[in-house]
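# Inside the fold
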2 protein chains.
Amino acid sequence: MGLVVQKYGGSSVADAEGIKRVAKRIVDAKKAGHQVVVVVSAMGDTTDELIDLAEQVSPIPAGREFDMLLTAGERISMALLAMAIKNLGHKAQSFTGSQAGVITDSVHNKARIIDVTPGRIRTALDEGNIAIVAGFQGVSQDKKDITTLGRGGSDTTAVALAAALDAEVCEIYTDVDGVFTADPRVVKKARKIDWINFEDMLELASSGSKVLLHRCVEYARRYNIPIHVRSSFSGLQGTWVSNEPQGDQKVEQAIISGVAHDTSEAKITVVGVPDKPGEAAVIFRLIADAEINIDMVVQNVSAASTGLTDISFTLPKAEGHKATEALEKAKAAIGFESLRYDDQIAKISLVGAGMKTNPGVTAAFFEALSDAGVNIELISTSEIRISVVTRADDVNEAVCAVHTAFGLDSDSDEAVVYGGTGR
Amino acid sequence: MGLVVQKYGGSSVADAEGIKRVAKRIVDAKKAGHQVVVVVSAMGDTTDELIDLAEQVSPIPAGREFDMLLTAGERISMALLAMAIKNLGHKAQSFTGSQAGVITDSVHNKARIIDVTPGRIRTALDEGNIAIVAGFQGVSQDKKDITTLGRGGSDTTAVALAAALDAEVCEIYTDVDGVFTADPRVVKKARKIDWINFEDMLELASSGSKVLLHRCVEYARRYNIPIHVRSSFSGLQGTWVSNEPQGDQKVEQAIISGVAHDTSEAKITVVGVPDKPGEAAVIFRLIADAEINIDMVVQNVSAASTGLTDISFTLPKAEGHKATEALEKAKAAIGFESLRYDDQIAKISLVGAGMKTNPGVTAAFFEALSDAGVNIELISTSEIRISVVTRADDVNEAVCAVHTAFGLDSDSDEAVVYGGTGR
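As a starting point, this report considers the structure included with it. (Residues numbered from 1 in each chain as written. Chains lettered and ligands numbered in written order. Predicted model: local features only at pLDDT ≥ 70, side-chain atom pairs only at ≥ 80, totals over all residues. Heavy atoms only, no water.)

### Some thoughts on the interface of chain B and chain A
- Contact residues are listed per partner, giving 41 residues for chain B and 41 residues for chain A.
- Carbon and sulfur atoms make up 63% of the area that chain B and chain A hide from each other, which totals about 3400 Å².
- Linking chain B with chain A are two salt bridges, by the criterion used here.
- Here chain B and chain A share 14 residue pairs in polar contact (both at pLDDT 80 or more) between them.
- No other element matches the eleven residues that helix α4 (residues 72–87) of chain B contributes to the side of chain B that touches chain A.
- Of the residues contributing to the side of chain B that touches chain A, the split by class is 24 nonpolar, eight polar and nine charged. (Contact = heavy atoms within 4.5 Å. Buried area = accessible area lost by both parts, 1.4 Å probe. Salt bridge = Lys/Arg side-chain N within 4 Å of Asp/Glu carboxyl O. Polar contact = N/O pair within 3.5 Å; in protein donor to acceptor, adjacent residues only side chain to side chain. Helix = DSSP H or I, 4+ residues; strand = E, 2+ residues; numbered from the N terminus. Nonpolar A, V, L, I, M, F, W, Y, C, P; charged D, E, K, R; others polar.)

Next up, the structure:
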């Protein structure tokens with residue numbers, strides 16, 4: 001029996017009852033003979049309440065102080081969890097990100113982990129303790145200031161600790177049963193995936209699946225740490241994410257892992273761009289300088305008669321204003337005709353390593369959408385993913401149609417509660 | 001203009017409005033040319049809410065984890081305060097007790113400060129920052145664990161930092177105007193004291209005055225740090241506590257500084273103790289071994305006929321059960337007849353360095369009580385204090401009578417709001 005890292009999200013420790021339930025689950029793992037390291041998020045709405053307070057005090061929360069503020073949330077949940085475990089007769093100690101050796105860069109509010117030096121965790125484990133570690137937080141290498149890791153940070157903390165401690169598995173406990181073949185709120189017949197490889201999981205995460213975030217999966221892949229996503233409310237097996245299926249996970253690898261969708265993006269089309277070398281580079285340098293992350297990029301073939309082309313790209317809706325402003329300012333310099341901004345779009349993605357060797361997938365995907373009467377506006381593909389942009393209104397119908405077309409529908413009609421985790 | 005340490009209690013930063021008001025006051029001190037270090041407590045009821053949560057999770061909160069939990073409170077208030085100051089256009093950085101170099105022993109929940117190494121505070125000040133420090137907390141020297149200083153801990157943090165930074169003054173901001181000649185809730189004509197020396201303040205603090213706690217005053221006396229207790233709600237001068245009156249504080253030192261009272265104690269009388277050497281020692285060794293702090297001790301002259309004596313002592317009501325239990329167990333060994341436990345008592349103390357050279361003080365004190373019809377049960381004196389124990393029901397009448405008799409009554413009838421601070 002080796003070392004296990006378990007991560008519990010805010011919804012699993014939302015109140016005293018939740019904390020006691022989680023404590024019991026942790027103790028069960030300890031009793032089963034594991035060394036147990038637990039990463040915990042802030043309780044329920046704590047983080048939102050702290051953000052509210054900050055907004056009442058100052059309209060521009062400062063980076064360093066904002067991190068100091070938010071990290072109070074995990075401090076509360078981890079101390080309570082350690083107390084609850086002690087109350088069950090087991091030894092437990094809680095550790096801040098800094099005490100756990102989570103070393104980051106100095107970019108407040110979205111720091112990156114540089115190194116993990118879990119000396120105190122090792123000692124605590126060797127002394128028979130269950131170690132409880134604050135998720136989402138670290139300490140900056142140069143200034144020794146408290147930092148936070150941004151969205152999904154607690155999952156990343158868990159995977160990073162699992163890597164540094166050479167854990168057998170990193171268990172991510174959440175309020176859903178695992179990763180599904182589609183969002184069960186949209187597709188009633190979505191199935192829980194028993195095992196999925198890192199590559200497919202990465203594509204699902206970057207295509208709108210919210211159970212695991214991209215950076216956490218990326219970290220796990222780099223250090224080859226198996227992730228087990230499962231519910232803290234049920235005792236069921238969840239979804240294993242790893243390089244190879246292990247033990248009884250010998251599942252037949254399907255062609256398609258799942259269908260993801262994302263309605264958080266908008267589309268900008270730069271109309272009438274002179275079709276000459278370097279124009280696209282100018283546009284995307286401008287966007288990059290404004291620190292805007294773009295997703296899909298599509299350039300149509302230019303009409304020979306005009307020598308002009310259109311360039312479309314998608315980006316988070318929240319960045320829409322900043323991007324159009326930057327482009328409008330450079331309109332004369334770039335020489336385009338006009339901008340079109342559209343935030344009523346959805347992105348639908350089909351993900352699966354199997355599509356590399358199955359030439360019919362793209363055609364079947366488009367046929368399914370066509371049969372459902374869904375119009376395709378943009379197309380973008382990778383080796384193991386096809387994404388299209390459609391009208392936002394069409395998204396549910398489109399996802400269901402594709403899910404059925406690729407044989408992903410489950411036989412049962414069980415309703416599944418499916419919610420995102422905060423961080 | 002030198003360095004000023006300001007401490008704000010939980011009631012001063014109870015909500016966003018309070019934090020903004022305090023931020024403005026801090027900025028005023030900075031604008032006046034001071035280097036400013038601020039020590040802040042947790043917001044309003046935060047600590048009580050955290051304690052409630054802990055009790056829901058475990059009936060026996062563990063020391064180390066309880067400290068981890070409670071210290072989240074100051075983390076929130078200090079970060080918000082730093083944000084509010086930045087919003088006023090000034091530089092501010094917040095520091096945990098650990099970051100501020102507050103080194104303590106390892107006694108969780110009531111740690112003692114061993115050393116203060118405020119290197120990061122110095123650097124922050126030199127860079128033009130206002131430094132905000134979490135009160136009430138430190139880090140243990142040996143294990144590097146988070147500790148808390150117990151009741152009144154934030155005041156102690158402030159004085160300790162003032163000493164380590166060689167501050168001009170330690171300003172303790174609270175929700176009252178200063179130290180009064182008596183509790184204004186009891187004595188309507190109580191006067192604010194403009195200046196008081198450390199010794200008298202120490203006696204007042206240990207006799208029931210709640211504005212400053214004994215350990216904080218003791219620390220200030222040891223390092224000769226003037227304390228200025230004042231209201232965070234008004235701009236008024238409060239009470240200066242120091243060795244010598246400074247500048248315009250040339251007040252005529254009165255014989256009596258004030259009248260304190262305390263209804264938090266109970267009285268135990270050990271009846272029929274054999275009057276032979278060593279008996280008292282056995283009793284109080286027993287009490288000390290049970291880690292009970294006792295206050296007044298009185299032994300009556302033994303009746304010659306029986307060779308037995310009675311020994312009475314006072315102690316915090318909360319320790320009453322533990323003490324009687326320990327004594328009952330040793331009844332046969334000590335050979336006393338019975339125990340009497342009485343928690344309906346009050347202690348009334350008259351404090352003033354002037355009484356050393358004024359022989360009539362004791363007589364006048366007893367006369368005042370006698371005129372008010374108040375019966376005296378125990379008497380105990382020091383060089384600058386006389387304390388008596390009376391019935392709890394008599395306390396208000398007794399305090400008012402003594403206050404009037406010693407000419408302490410103010411001419412004005414202003415009502416003063418007088419409340420304790422949490423820590």
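Next comes the rest of the account.
### Concerning the sheet that holds strand β3 (residues 92–95) of chain B
Residues and elements named next belong to chain B.
- Read across the open sheet, the eight strands follow the order β3-β6-β2-β1-β9-β11-β12-β10; overall the sheet is mixed. Since the sheet does not close on itself, it has two edges, and those belong to β3 and β10 (195–197), each with one partner. If you compare each strand with its neighbour and ignore which way they point, the axes differ by 20 degrees on average.
- Alignment of strand β1 (residues 3–8) against strand β9 (residues 169–174), held across five bridges, turns out to be parallel. Of the residues in β9, the one forming a bridge with tyrosine 8 is tyrosine 173.
- Lying over the sheet, α4 contacts β2 (35–40), β3 and β6 (130–134), oriented at roughly 165 degrees with respect to β6. (Pairing = 2+ DSSP bridges. Axes fitted to C-alpha atoms, helices over the stretch in contact; angles between N-to-C directions.)

### Structural notes on the relation of the copies chain B and chain A
- For the pair chain B and chain A, the superposition axis carries a translation of 0.0 Å, the fit reaches an RMSD of 0.1 Å, and the rotation angle comes to 180 degrees. Overall, the copies show the geometry of a two-fold rotation axis. Taking the C-alpha atom as reference, chain B places B:Ala72 closest to the rotation axis, 2.4 Å from it.
- The share of interface residues of chain B whose copies in chain A are also at the interface is 100%, consistent with both copies meeting through the same surface. (Least-squares fit on C-alpha atoms with pLDDT ≥ 70 in both.)

### Quick word on the sheet that holds strand β7 (residues 137–140) of chain B
Residue and element names in this part refer to chain B.
- If you trace the four strands from one edge of the open sheet to the other, you get β5-β4-β7-β8, paired in mixed fashion. Looking at the sheet topology across the chains shown, the edges are occupied by β5 (113–116) and β8 (146–148). Averaged over all neighbouring strand pairs, the angle between strand axes comes to 45 degrees, with direction disregarded.
- As paired elements, strand β4 (residues 102–104) and β7 share two bridges and run parallel to each other. Bridge assignment links threonine 104 to a residue of β7, and that residue is serine 140.
- Helix-sheet contacts for helix α6 (residues 153–164) involve β4, β5 and β7, and the interaxial angle to β5 is about 40 degrees.

### Description of helix α2 (residues 46–57) of chain B
- Look at α2(B): 17 Å from first C-alpha to last across twelve residues, which is about the 16 Å you get at 1.5 Å a residue.
- Inspection of α2(B) places B:Thr46, B:Thr47, B:Leu50, B:Leu53, B:Ala54 and B:Val57 among the buried residues, and these make up the whole buried set. For α2(B), the angular spread of buried residues about the axis comes to 120 degrees, placing them on one side.
- In the core, the buried residues of α2(B) are packed alongside α1 (16–31) and α4 (72–87) of chain A together with α3 (63–70) and α4 of chain B. (Expected span 1.5 Å × (residues − 1). Buried < 20%, exposed > 50% of the residue type's maximum accessible area, 1.4 Å probe, protein only. Arc of directions from axis to C-beta.)

### A short note on the nonpolar core
- Counting residues in each nonpolar core, the largest one holds 76 residues, and the members touching the most others are A:Leu80, A:Leu81, B:Leu80 and B:Leu81.
- In contact with A:Leu81, other than residues within four places in its own chain, are A:Ile19, A:Val22, A:Ala23, A:Ile26, A:Val38, A:Val40 and A:Ile132.
- Formed by 46 residues, the second largest nonpolar core is a distinct cluster that contains A:Ala124, A:Val217, A:Val241 and A:Ala260. (Core = buried A, V, L, I, M, F, W, Y, C linked by side-chain atoms within 4.5 Å.)

### Remarks on the packing of aromatic side chains
- Throughout the structure, instances matching the rule amount to eight aromatic pairs over all chains.
- Measuring from ring centre to ring centre gives 5.3 Å for A:Phe284 and A:Phe313, while their planes differ by 70 degrees; the resulting arrangement is edge-to-face. Taken together, the residues span a long stretch of sequence, with A:Phe284 in helix α9 (residues 279–289) and A:Phe313 in strand β16 (residues 308–316) at a distance of 29 residues.
- The cationic tip of A:Arg64 hangs over the ring face of B:Phe95; the distance from NZ or CZ to the ring centre is 5.1 Å.
- The aromatic ring of B:Tyr219 is capped on one face by B:Arg222, whose charged end is 5.2 Å from the ring centroid. (Phe/Tyr/Trp six-rings, centres within 6.5 Å; stacked < 30°, edge-to-face > 60°. Lys NZ or Arg CZ within 6 Å of the ring centre and 35° of its normal.)

### Some thoughts on the pattern of salt bridges
- In the structure shown here, the tally under the stated rule is 32 salt bridges over all chains.
- A salt bridge links A:Arg230 to A:Glu171; its shortest N-O distance comes to 3.2 Å. Remark: A:Glu171 occurs in strand β9 (residues 169–174) and A:Arg230 occurs in strand β11 (residues 227–231); sequence separation between them is 59 residues.
- Overall, the relative accessible area of 10% leaves A:Arg230 in the buried class.
- Close ionic contact of B:Arg391 with B:Asp342 constitutes a salt bridge, the shortest N to O distance being 2.4 Å. Of this pair, B:Arg391 sits in strand β20 (residues 385–391) while B:Asp342 is found in strand β17 (residues 338–342), placing the two residues 49 residues apart along the sequence.
- Here the salt bridges share partners, and the residues they tie into one network are A:Arg64, A:Glu65, A:Asp145 and B:Arg120.

### Section: a negative patch on the surface
- A surface patch of like charges, here negative, comprises A:Asp45, A:Asp48, A:Glu49, A:Asp52 and A:Glu55.
- Mapped onto the elements of the fold, A:Glu55 is located in helix α2 (residues 46–57). (Patch = residues over 30% accessible without salt bridge, like charges linked within 9 Å, V, L, I, M, F, W, Y side chains within 5 Å. Areas by Shrake-Rupley, 256 points an atom, 1.4 Å probe, with all protein chains shown as cover. Lys, Arg positive; Asp, Glu negative; His and termini not counted. Charge placed at Lys NZ, Arg CZ, Asp CG, Glu CD.)

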